Every structure is written in C-alpha cells, then in structure tokens.
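One-letter residues, chain by chain:
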Amino acid sequence: MSDFDLPHVRNWDAPALDAYAGACLFHRDARLADVISHCRGRLSYLATPYSKIARYDDGEFDPTESLECAVRAARWARLLALEGITAVSPIIQAVEMVHADFIDQQLDPLDVQFWEGWCRPLLNASGTVIVPPISGWEYSDGIWVEVCEALRTQRRVFLIKPGEEFGGDE
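Residues numbered from 1 in each chain as written. Predicted model: local features only at pLDDT ≥ 70, side-chain atom pairs only at ≥ 80, totals over all residues. Heavy atoms only, no water.

### A short note on the side chain of Arg155
Thinking step 1. By the secondary structure assignment, Arg155 is in the loop between helix H6 (141-152) and strand E5 (156-160).
Thinking step 2. Buried within the structure, Arg155 lacks any salt-bridge partner; its nearest side chain of opposite charge belongs to Glu149, at an N-O separation of 4.4 Å.
Thinking step 3. Separated by 3.1 Å, the side chain of Arg155 and the backbone oxygen of Ser126 make a polar contact.
Thinking step 4. Apart from the residues within four sequence positions on either side, Arg155 is in contact with Leu25, Leu123, Asn124, Ser126, Gly127, Glu149 and Ala150. (Helix = DSSP H or I, 4+ residues; strand = E, 2+ residues; numbered from the N terminus. Buried < 20%, exposed > 50% of the residue type's maximum accessible area, 1.4 Å probe, protein only. Lys, Arg positive; Asp, Glu negative; His and termini not counted. Salt bridge = Lys/Arg side-chain N within 4 Å of Asp/Glu carboxyl O. Polar contact = N/O pair within 3.5 Å; in protein donor to acceptor, adjacent residues only side chain to side chain. Contact = heavy atoms within 4.5 Å.)

This is how it looks when you write it as structure tokens:
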C-alpha cells in the first residue's frame, strides 16, 4: 500500500491527504490569495455540495434547495471570475438543466451515477479543483470522489479556508 492510496469512503483525515499535501497537490485551509495566484488564467473545477442538500427529509428531490445549491455555487464562481479564474461549476449548469426539464422530466437530479459520468469530462478538462467552504462540503461523497480523482491524476486541490470569501480570516 502506497502513502498516496486514498480510501474509497470519504475520509478527510486520511493519511494519504498528508502525503499529497507534502507533494504540494493538496491544500487544506487554502487562502484565497494562494488560490488566485495559482489558478488565475486556468480552467478550474468548482466542487460544491448538492445531492445530500437538494432533498426533503424523506429523501425526495427538493427543487428549492436545488436552486439554493446553484446560487451558492454561482456566488463562488462570480467571486473567482472577478479574480481572473475561470471556474466551471457542474452544479450551476446541471441545476439549470434539471429545472428546464420540468415538462418531460427525463433527468433525475439525484441519479448520482448519471451525474458523476456527466461531470467527469468537466473535471478531466480542469487543471485544478477548488472546494469553497460551503456548508455541507465535508459530507459530500461527490466532492470526495472529485478530489480523489484530481489527486490521483496529479492535479492540485484547494480546500478554501472558511471566511476567505470575505477577503480574510473571520
């Protein structure tokens, strides 16, 4: 077993993350200035929580929370854009597609397998992964999968420190 072997089950305390940090690929509590410095002018993948949040308590799809997830992601995409970072957010696009599909309802917003496959080309085209401190990110299995894929393919991952969206520590 290698120091760089990441567990399949979400574990933000996995020792392998320390190995990736030592290789300058994984940045926990990243400052926004460092993210800007590294990501400006590059395509980045904006990983934000969705499937565990866009549900009612009974597990059914909640369109209001779905839209809120997209709005939170869009706020971060806007902030990054203003700093010269092109951050693609699959959540923003997917939510709009799902909401536009309300007549035929051919897209299942909670079909994890479908959306992982749909997101993969966006992730593969991106040079870095940016995870903003949006509530729920640390419980997202999707973000874990995306972070692991990025690290395994030698792409940097930035977990932005809470409070950085306001320009400093809070």
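### Let's talk about helix H2 (residues 32-39)
Thinking step 1. Restricting attention to buried positions, one finds in H2 the residues Leu32, Val35, Ile36, His38 and Cys39.
Thinking step 2. In this structure, the buried residues of H2 make contact with strand E1 (26-30), strand E2 (43-46), helix H3 (63-82), strand E4 (128-131) and E5.
Thinking step 3. Phi turns positive one or two residues past the end of H2, at Gly41, with a value near 80 degrees.

### As for the packing of helix H4 (residues 90-100) against helix H5 (residues 112-125)
Thinking step 1. Between H4 and H5, whose axes approach to 11 Å, the crossing angle comes to 135 degrees. It follows that H4 is oblique to H5 by the angle criterion. Of the two elements, H4 crosses H5, and the hand of that crossing is right-handed. Contacts between H4 and H5 involve Pro90, Gln93, Ala94, Met97 and Val98 from the former and Trp115, Trp118, Cys119 and Leu122 from the latter.
Thinking step 2. Within the contact of H4 with H5, the residues separate by chemical class into eight nonpolar, one polar and no charged. (Axes fitted to C-alpha atoms, helices over the stretch in contact; angles between N-to-C directions. Parallel < 35°, antiparallel > 145°, perpendicular 65-115°, else oblique. Left-handed = near helix turned anticlockwise from the far one by under 90°. Nonpolar A, V, L, I, M, F, W, Y, C, P; charged D, E, K, R; others polar.)

### Regarding the packing of aromatic side chains
Thinking step 1. Using the criterion set out here, one finds five aromatic pairs in the structure.
Thinking step 2. Centre to centre, the rings of Trp12 and Trp137 are 4.9 Å apart; their planes meet at 65 degrees, and the pair counts as edge-to-face. One end of the pair, Trp12, is in the segment before helix H1 (15-22); the other, Trp137, is in the loop between E4 and H6, and 125 residues separate them in sequence. Trp137 carries the same exposure label as Trp12, and that label is buried.
Thinking step 3. Seen in terms of ring centroids, Phe114 and Trp115 are 4.8 Å apart; in terms of plane orientation they differ by 85 degrees. Their pairing is edge-to-face.
Thinking step 4. Take Phe114: its relative accessible area is 35%, and that puts it in the partly exposed class.
Thinking step 5. An aromatic cluster is present here, built from Trp12, Trp137 and Trp144 joined pairwise through their rings. (Phe/Tyr/Trp six-rings, centres within 6.5 Å; stacked < 30°, edge-to-face > 60°.)

### Some words on the layout of surface pockets
Thinking step 1. One number sums up the size of the largest pocket: a volume of about 490 Å³.
Thinking step 2. In terms of lining residues, the largest pocket is bounded by 30 residues, among which Ser51, Trp115, Glu116, Gly142 and Glu146 are the most central.
Thinking step 3. Secondary-structure elements contributing two or more residues to the lining of the largest pocket are E2, H4, H5 and H6.
Thinking step 4. With six residues, the single largest contributor to the lining of the largest pocket is H5. (1 Å grid on protein atoms, 1.4 Å probe; cavity = no way out; pocket = protein on both sides within 12 Å on 5 of 7 lines; lining within 4 Å. Points joined across faces, edges and corners; volume = space filled by probe spheres on them.)

### Observations concerning the pattern of salt bridges
Thinking step 1. What the rule picks out here adds up to five salt bridges.
Thinking step 2. Note that Lys52 is salt-bridged to Asp141, the shortest N-O span being 3.2 Å. Taken together, the residues Lys52 in the loop between E2 and H3 and Asp141 in helix H6 connect sequence positions 89 residues apart.
Thinking step 3. Under the relative-accessibility criterion, Asp141 is labelled partly exposed at 38%.
Thinking step 4. Between Arg72 and Glu68 there is a salt bridge, with the nearest N and O atoms lying 3.8 Å from each other. Remark: Glu68 and Arg72 occur in helix H3; sequence separation between them is four residues, near one turn of the helix.

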